[in-house]
Amino acid sequence: MSDDITKIINELHIYEKKLLKELEKDENITPDKIAENTGMDIKSVMSAAGSLASKDIIIMEKDVEEHFQLTSDGALFADEGLPERRVINVLKEKKQIPMKDLMGAAGLQKFEVNIAMGWLVRKNWAKIDKGVISITEKGENAFNNLGSDEELLSILKIKHIINPFELPNNLLKGLNELKNRKNLLKDTKKVDHSFKLTPLGSKILETGITIKEQATQLTHEQLESGEYEKLSYRPYDINAESPNIFPGKMHPLRKIIEEIRDIFLNMGFTESDGDILNSAFWNFDSLFQPQDHAAREMQDTFYVKNPARVDLPDEELVERVARTHEDGGETSSEGWGYKWDVEVAKQSVLRTHTTGISTKYLESHEPPFKMFSVGRVFRRETINYKHLPEFHQVEGVVAGENINFQNLLGILREFYKKLGFTQVRFRPAYFPYTYLSIETEVFFEEKDSWIELGGAGMFRPEVLKPLGIDTPALAFGLGIERLAMLRYDINDIRMLYKSDIKWLRELPLDKGIKLD
Ligand code: DAH
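The rules behind each value
- Residues numbered from 1 in each chain as written.
- Predicted model: local features only at pLDDT ≥ 70, side-chain atom pairs only at ≥ 80, totals over all residues.
- Heavy atoms only, no water.
- Phe/Tyr/Trp six-rings, centres within 6.5 Å; stacked < 30°, edge-to-face > 60°.
- Helix = DSSP H or I, 4+ residues; strand = E, 2+ residues; numbered from the N terminus.
- Buried < 20%, exposed > 50% of the residue type's maximum accessible area, 1.4 Å probe, protein only.
- Lys NZ or Arg CZ within 6 Å of the ring centre and 35° of its normal.
- Pairing = 2+ DSSP bridges.
- Contact = heavy atoms within 4.5 Å.
- Axes fitted to C-alpha atoms, helices over the stretch in contact; angles between N-to-C directions.
- Near = heavy atom within 4 Å.
- Polar contact = N/O pair within 3.5 Å; in protein donor to acceptor, adjacent residues only side chain to side chain.
- Areas by Shrake-Rupley, 256 points an atom, 1.4 Å probe, with all protein chains shown as cover.
- Parallel < 35°, antiparallel > 145°, perpendicular 65-115°, else oblique.
- Nonpolar A, V, L, I, M, F, W, Y, C, P; charged D, E, K, R; others polar.
- Domains from an automatic or database assignment.
- Buried area = accessible area lost by both parts, 1.4 Å probe.
- Salt bridge = Lys/Arg side-chain N within 4 Å of Asp/Glu carboxyl O.
- Patch = residues over 30% accessible without salt bridge, like charges linked within 9 Å, V, L, I, M, F, W, Y side chains within 5 Å.
- Lys, Arg positive; Asp, Glu negative; His and termini not counted.
- Charge placed at Lys NZ, Arg CZ, Asp CG, Glu CD.

1. Here we look at the packing of aromatic side chains
Here's step 1: Applying the stated criterion to the full structure yields 13 aromatic pairs.
Here's step 2: Ring geometry for Y433 versus F459: centroids 6.5 Å apart, planes at 55°, classification tilted. Taken together, the residues span a long stretch of sequence, with Y433 in the loop between β12 (424–428) and β13 (434–444) and F459 in strand β14 (residues 449–459) at a distance of 26 residues.
Here's step 3: Among the residues examined, Y433 registers a relative accessible area of 10% and is labelled buried.
Here's step 4: Given the relative accessible area of 5%, F459 is considered buried.
Here's step 5: The rings of F264, F269, F372, F415, Y416 and F476 are connected pair by pair, giving a single aromatic cluster.
Here's step 6: One Lys or Arg, K92, reaches over the ring of F143 and ends 5.5 Å from the middle of that ring.
Here's step 7: Over the face of the ring belonging to W119 we find R122, whose NZ or CZ atom lies 4.2 Å from the ring centre.

What follows is the structure, encoded as structure tokens:
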């Protein structure tokens, strides 16, 4: 125990020791007096006290004293009476008075007129009807009775300053009334601190502290001359409290997006992007999604009013896509067998997926290539813990002579592995634009369940041919928010968009799997 005390004493700052010494001499000493006796400034006294309090050596007590004084308006009313009182004085004889005569009759200044009227009504001393003010019964009663607000005003006129604790109840009521009025009182708060020794503090003083100058900064000379060996130092308190520091950092969703971009760039993919406002042509038609098919409603599309139409690409391409939809065109497919409508293709939509970026890229590039893109997509979803009307997808397409379905599975496995998800499985699925089609799921151990993360497949010839692609092409489109939810262990997708500063601050910087 006494070892502990010695250790605590050794770790005290010289200011803390000085403060304790002063408390030893006079247990009621004020911070100002300590500053005066020791030559410390008041800030150092208070910070030494704070530090002693955090170590349970003293208790800091705070005594707030509030005082009230009159403002210049207040002083004016104290001299001349509250504006409503001055009106009542006139009404005493006249009983009624037109509003327009008020200033002259009651000797009010312009700014006092509204105050008078307001309080006459609030106090129910007068009624105002058709521009005439007439006294009420309560107003008559007020002739000979000062309100408690008025009583306090006259006290303040003499005493200048009052402490609410010294007021009897009725005057306290008056004080509250005056406080409710604008600009009559100003209050000054005086905070007095006092320090009390705790049992630990007393023990420290019993053990005894000596005040010895301690070295805080070493000079070049002290080091050179060897004087530093003789100086006394204060040991570090490695348990001292320190403030939390929250450095700026990337938003978690942005961070996972950057990680995903890194992964694909490292796998040799080229990045591309596209517009959020898209034609139905690129979003649906180029993907062999029939115009009269529920597929377009499948994703609850946002159609845009302005602009309601978007220009289509060159006519030959549009023609090839139209033919493919109608009868299969150059492909050996029969198509969907309906009359394709160019107006439907021109509709402008907020892209419902990023897959349109891939078809556009296919149309303007020669295989072989590996392309990916990351973007925001929009769907008319009801907002809840796992759905938002906008979210992000990472989309990819790989085209070349020898590209096959196995490559697709390999790429997806590799991608998820790099993100830290090693258990991946694929389920057969349907998309109008791919065959074979799959849905990807990863196993999430903490929830002991498989979670669906996106779709993929081999683009159909009905997609590729009209775009001028003769090689096979694999493609995938994966949700990003779900991944972020798994990574950051959140149950509500909205957290990613809420800017909850506490959560963002406390999120560890290194949450995430490092790339090799
Ligand atoms: N576009 C699909 C969606 O948003 C995902 C998708 C499925 C993308 C298959 C693809 C694909 O590229 O081949 O749900």
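2. A word on the sheet that holds strand β5 (residues 161–162)
Through backbone hydrogen bonds, the strands of a sheet pair up, either in parallel or in antiparallel fashion.
Here's step 1: Spatial ordering of the open sheet is given by β5-β1-β6, a layout of three strands whose pairing is antiparallel. Of all strands in the sheet, those bounded by a partner on one side alone are β5 and β6 (185–197).
Here's step 2: The pairing of strand β1 (residues 58–70) with β5 spans two bridges and is antiparallel. Among the inter-strand pairings, Q69 is bridged to a residue of β5, identified as I161.
Here's step 3: In the packing of helix α2 (residues 14–25) onto the sheet, the strands contacted are β1 and β6, and the crossing angle to β6 comes to about 90°.
Here's step 4: Contacting β1 and β6, helix α4 (residues 42–54) runs over the sheet at an angle of about 135° to β1.

3. Some thoughts on the site of the ligand
Here's step 1: As a structural note, the neighbourhood of the ligand is formed by 15 residues, with T355, R379, Q393, E395 and Y433 the closest of them.
Here's step 2: T355 is positioned with one of its side-chain polar atoms (N or O) 2.9 Å from a nitrogen atom of the ligand.
Here's step 3: Within the contact set of the ligand, an oxygen atom lies 3.2 Å away from a backbone nitrogen or oxygen of A475.
Here's step 4: Notes on the ligand: free accessible area 350 Å², of which the protein chains cover 93%.

4. Considerations on the packing of helix α6 (residues 83–94) against helix α8 (residues 110–122)
Relative placement of two packed helices is described by the angle separating their axes and the distance separating the axes.
Here's step 1: Their axes nearest at 7 Å, the elements α6 and α8 cross at an angle of 75°. One way to sum up the angle between α6 and α8 is to call them roughly perpendicular. Taken together, the residues of α8 that come into contact with α6 (itself represented by P83, E84, R86, V87 and I88) are E112, I115, A116, W119 and L120.
Here's step 2: Classifying every residue of the contact of α6 with α8 gives seven nonpolar, no polar and three charged.

5. Here's the deal with the sheet that holds strand β11 (residues 390–399)
Here's step 1: Across the sheet, seven strands lie side by side as β7-β10-β11-β15-β14-β13-β12; this open sheet has mixed pairing. The open sheet has two edge strands, β7 (270–271) and β12, and neither has a second partner.
Here's step 2: Bridging between strand β10 (residues 369–378) and β11 involves ten bridges; their strand directions are antiparallel. Among the inter-strand pairings, G375 is bridged to a residue of β11, identified as Q393.
Here's step 3: Contacts from helix α14 (residues 252–266) reach β7, β10, β11 and β15 (473–479), with the element oriented near 165° to β10.

6. As for the domain arrangement of the protein
Here's step 1: With domains assigned, the protein is organised as domain 1 (1–71 + 184–242), domain 2 (82–177) and domain 3 (253–506).
Here's step 2: For domain 1 and domain 2, the distance between their C-alpha centroids amounts to 54 Å.
Here's step 3: Contacts between domain 1 and domain 2 engage eight residues on the former and ten residues on the latter.
Here's step 4: Of the roughly 770 Å² buried at the junction of domain 1 and domain 2 (both faces included), carbon and sulfur atoms supply 73%.

7. Thoughts on the pattern of salt bridges
Here's step 1: Taken as a whole and assessed by the stated rule, the structure comprises 33 salt bridges.
Here's step 2: Between E36 and K33 there is a salt bridge; the shortest N-O distance is 3.6 Å. A residue pair is termed a helical-turn pair when its members lie 3 or 4 positions apart in one helix, as E36 and K33 do in helix α3 (residues 31–38) at three residues.
Here's step 3: Judged by its relative accessible area of 60%, E36 is exposed.
Here's step 4: On the basis of relative accessible area, K33 is assigned to the partly exposed category, the value being 37%.
Here's step 5: Here E177 and K173 are joined by a salt bridge, their closest N and O atoms 3.6 Å apart. Pair noted here: E177 and K173 are both in helix α11 (residues 169–180), with a separation of four residues, about one helical turn.
Here's step 6: The exposure class assigned to E177 is partly exposed, which follows from its relative accessible area of 25%.
Here's step 7: Sharing partners across several salt bridges, the network here consists of E84, K123, D149 and R181.

8. Thoughts on unusual backbone geometry
Here's step 1: A cis amide bond, omega 0°, links N306 with the succeeding residue P307.
Here's step 2: Take P307: it is sitting in the loop between α16 (295–298) and α17 (315–327).
Here's step 3: With an omega of 5°, the peptide bond between P367 and P368 qualifies as cis.
Here's step 4: Tracing the backbone through its elements, the reader meets P368 in the loop between α19 (355–364) and β10.

9. Notes on a negative patch on the surface
Here's step 1: A cluster of acidic residues, D314, E315, E316 and E319, forms a negative patch on the protein surface.
Here's step 2: Within the secondary structure layout, E319 lies in helix α17.

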